[in-house]
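Fold and contact review
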Amino acid sequence: MSQTDEVLVEEGNDAEVLLEHPAFNRSIDSIVETTFQRFVNSQHTEKEERENAYAHYRALVDLVNTLKQRVIVRDEIHTKIERDNSETDERMDH
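Report on the accompanying structure. (Residues numbered from 1 in each chain as written. Predicted model: local features only at pLDDT ≥ 70, side-chain atom pairs only at ≥ 80, totals over all residues. Heavy atoms only, no water.)

**Brief notes about a negative patch on the surface**
In plain terms, the rule: For patch detection, residues must exceed 30% relative accessible area and be free of salt bridges, and they are connected within 9 Å for like charges or within 5 Å for nonpolar side chains (Val, Leu, Ile, Met, Phe, Trp, Tyr). Here the Shrake-Rupley method, with its probe set to 1.4 Å, supplies the accessible areas, and only the displayed protein chains count as covering residues. Salt bridge, as applied in this entry: a Lys or Arg side-chain nitrogen positioned within 4 Å of an Asp or Glu carboxyl oxygen. In summary, the charge assignment counts Lys and Arg as positive and Asp and Glu as negative, without counting His or the chain termini. A single reference atom marks each charge: NZ on Lys, CZ on Arg, CG on Asp, CD on Glu. Put simply, DSSP marks the helices as runs of H or I at least four residues long and the strands as runs of E at least two long, and each gets a number from the N terminus on. The cut-offs for exposure are 20% and 50% of the maximum accessible area for each residue type, with area from a 1.4 Å probe on protein chains only; residues under the lower value are buried, those over the upper are exposed, and the others partly exposed.
A contiguous patch of negative charge on the surface is contributed by Glu87, Asp89, Glu90 and Asp93. Locating aspartate 93 in the fold gives a position in helix H3 (residues 47–93). Taking the relative accessible area as the measure of exposure, aspartate 93 reaches 65% and is therefore exposed.

Dropping the structure here:
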């Protein structure tokens, strides 16, 4: 495994720990709810407040999606390694 792949796998492992940790999920959910309430309770004329709340919400969504993407990349690296090992084993058996 290349050094880059090792870093990506480690990032994926770290991301998975966060995504599976109840405290992280409770915190994200709470912040999202607070941000949503700020947005829906703002007046139509409070454009800056609404835009800030939306930007905050998008940042949270992007954070979670980035963590999920890191887990996907890690899993793809593991799949590639398993496939390469399987092909090597098949060649050695013949």
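**Some words on the packing of helix H2 (residues 22–41) against H3**
To be explicit about the condition: Angles shown run from 0 to 180 degrees and are taken between the N-to-C directions of axes, each axis being a line fitted to C-alpha atoms and, for helices, limited to the stretch in contact. Between 65 and 115 degrees an angle is taken as roughly perpendicular, under 35 as roughly parallel, over 145 as roughly antiparallel, and anywhere else as oblique. The crossing is said to be left-handed when, going from far helix to near helix, the turn is anticlockwise and less than a right angle, and right-handed when the turn is clockwise. For this analysis, residues touch if any pair of their heavy atoms sits within 4.5 Å.
Between H2 and H3, the shortest axis-to-axis distance is 8 Å and the interhelical angle comes to 155°. By the criterion of interaxial angle, the relationship of H2 to H3 is roughly antiparallel. Note on packing geometry: the crossing formed by H2 with H3 is left-handed. Touching Phe24, Ile28, Ile31, Val32, Thr35, Arg38 and Phe39 of H2 are Glu49, Arg50, Asn52, Ala53, His56, Tyr57, Leu60, Leu63, Val64 and Leu67, all from H3.

**Concerning helix H1 (residues 3–20)**
Put simply, the rule reads: Here the expected span of a helix is defined as 1.5 Å times the quantity of residues minus one. Directions pointing from the helix axis toward each C-beta atom define the arc.
With 18 residues, H1 should cover 26 Å at 1.5 Å per step; its first-to-last C-alpha distance of 26 Å lies within 8% of that length. Regarding H1, the residues found buried are Val9, Gly12, Ala15 and Leu19. For H1, the angular spread of buried residues about the axis comes to 125°, placing them on one side. In H1, the exposed positions angled more than 90 degrees off the buried face are occupied by Gln3, Glu10 and Val17.

**Some words on the nonpolar core**
We count it as follows: Among the buried residues, those of types Ala, Val, Leu, Ile, Met, Phe, Trp, Tyr and Cys that are joined through side-chain atoms within 4.5 Å form a nonpolar core.
In this structure, Ala15, Leu19, Phe24, Ile28, Leu60, Val64, Leu67 and Val71 together form the largest nonpolar core, which totals 8 residues. When contributions to this core are tallied by element, the ones reaching two or more residues are H1, H2 and H3. Ranked by the residues each element gives to this core, the list is headed by H3, at 4 residues. Once you skip the residues sitting within four places of it in the chain, isoleucine 28 turns out to touch Leu60, Leu63 and Val64.

**Remarks on the pattern of salt bridges**
Under the definition given, this model contains 6 salt bridges. Between lysine 47 and glutamate 51 there is a salt bridge; the shortest N-O distance is 3.8 Å. Within this pair, lysine 47 and its partner glutamate 51 are both found in helix H3, separated by 4 residues, close to a single helical turn. Using a relative accessible area of 45% as the deciding quantity, one classes glutamate 51 as partly exposed. We note a salt bridge from lysine 80 to aspartate 84, for which the minimum N-O separation is 2.8 Å.

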